[in-house]
Amino acid sequence: MLYTPHFLTGVAIMKLFPDPKIGLPLAFLSHFVLDLTPHNDFDLKPGITLREFFTFPKKRLLTILGVMSVDYLLSAISFLWILFHFHQFWLLAGGVAGVLPDLTEQILMIFGIALPGWQDNLQLRVSAKYWFISYPIISLLSLYILNI
């Protein structure tokens, strides 16, 4: 699943449960719950290295990089909006907790470690034609919670 829904869900959970002893673990656990919602991970499987990733056919690579770029941009905008609108660093910490498992895996890949498989069994992957449905629904629901 992309970063933006994970991040916004973690933030929304911290808004609902502002005590960091409760909210942060729930935000972290939300990552695994969201991975159980139908989504598409571009068929990136455990064991892939960054070097192998960049050998994908050009069209597939550009599609993945394009979607990831939009997702990173939306996550950054969300981060800045929450920072300047709410002025609550615990909300941001909840967002970081929500993306932490994927962030950890991707940082490991940067350092030459193949994509670990510790989250693989928790993924509910669907065909690419349906992948986009859960992302906006989860993100909009989280934004709604933030604004009530």
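Residues numbered from 1 in each chain as written. Predicted model: local features only at pLDDT ≥ 70, side-chain atom pairs only at ≥ 80, totals over all residues. Heavy atoms only, no water.

Participant: Explain the overall build of the protein here, please?
Facilitator: Looking only at helices and strands, one finds 6 helices and 2 strands in the protein. Traced from its N-terminal end to its C-terminal end, the protein shows the element sequence α-α-β-α-α-α-β-α. Over its C-alpha trace the protein gives a radius of gyration of 15 Å, about what one expects of a compact globule, namely 15 Å for 148 residues. With the principal axes as the frame, the protein shows a C-alpha extent of 45 × 25 × 25 Å. Taking contacts inside the protein between residues at least 6 apart in sequence as the whole, the part at least 24 apart equals 78%. When the 9 positive and 9 negative side-chain charges of the protein are each reduced to one mean point, those points stand 7 Å apart. (Helix = DSSP H or I, 4+ residues; strand = E, 2+ residues; numbered from the N terminus. Rg over C-alpha atoms; globule rule 2.2 N^0.38 Å. Contact = heavy atoms within 4.5 Å. Lys, Arg positive; Asp, Glu negative; His and termini not counted. Charge placed at Lys NZ, Arg CZ, Asp CG, Glu CD.)

Participant: I would appreciate a short explanation of the confidence of the model for the protein in the present structure.
Facilitator: Where the model shows low pLDDT, its predicted coordinates should not be examined in detail. With 94% of its residues at a pLDDT of 70 or more, the protein shows a mean pLDDT of 89. Taking the mean pLDDT of every element in the protein, the minimum, 64, falls on strand 2 (residues 124–125) and the maximum, 97, on helix 1 (residues 3–16). (pLDDT = per-residue confidence, 0-100.)

Participant: I keep staring at helix 1 and nothing clicks. Help me out?
Facilitator: An α-helical turn contains 3.6 residues, so any two residues separated by three or four positions project in the same direction. With 14 residues, helix 1 should reach 20 Å at 1.5 Å per residue; the first-to-last C-alpha distance of 20 Å fits that figure. Among the 14 residues in helix 1, 12 count as buried, and that is most of the element. For helix 1, the elements touching its buried residues are helix 2 (20–35), helix 4 (58–86), helix 5 (89–110) and helix 6 (134–146). (Expected span 1.5 Å × (residues − 1). Buried < 20%, exposed > 50% of the residue type's maximum accessible area, 1.4 Å probe, protein only.)

Participant: For this particular structure, what's the right way to read the nonpolar core?
Facilitator: Note on soluble globular proteins: their nonpolar side chains tend to be buried together. Residues Met1, Leu2, Phe42, Ile48, Phe53, Phe56 and Ile64 are the most contacted members of the largest nonpolar core, which totals 14 residues. Counting only elements with at least two residues in this core, the list comes to helix 4 and helix 6. With 3 residues, helix 4 is the single largest residue contributor to this core. What isoleucine 64 contacts, discounting residues up to four positions off in sequence, is Phe42, Leu44, Phe53 and Phe56. Tyr3, Val11, Leu83 and Leu146 belong to the second largest nonpolar core, which has 12 residues in total. (Core = buried A, V, L, I, M, F, W, Y, C linked by side-chain atoms within 4.5 Å.)

Participant: Which parts of the structure should I look at to understand the packing of aromatic side chains?
Facilitator: Think of a pair of aromatic rings as described by two things: how far the centres are apart, and how the planes are tilted against each other in angle. For the structure on display, the rule yields 6 aromatic pairs. Between tyrosine 3 and tyrosine 72, the aromatic rings sit 5.5 Å apart at their centres with planes inclined by 70°, giving edge-to-face as the arrangement. Remark: tyrosine 72 occurs in helix 4 and tyrosine 3 occurs in helix 1; sequence separation between them is 69 residues. A relative accessible area of 12% means that tyrosine 3 is categorised as buried. Taken together, a centroid distance of 5.3 Å and an interplanar angle of 80° make the contact between tryptophan 81 and phenylalanine 86 edge-to-face. Tryptophan 81 sits in the partly exposed class, given a relative accessible area of 28%. By way of ring pairs, the aromatic residues Phe53, Phe54 and Phe56 are connected into one cluster. The ring of phenylalanine 56 carries the charged tip of arginine 60 above its face, separated from the ring centre by 3.9 Å. (Phe/Tyr/Trp six-rings, centres within 6.5 Å; stacked < 30°, edge-to-face > 60°. Lys NZ or Arg CZ within 6 Å of the ring centre and 35° of its normal.)

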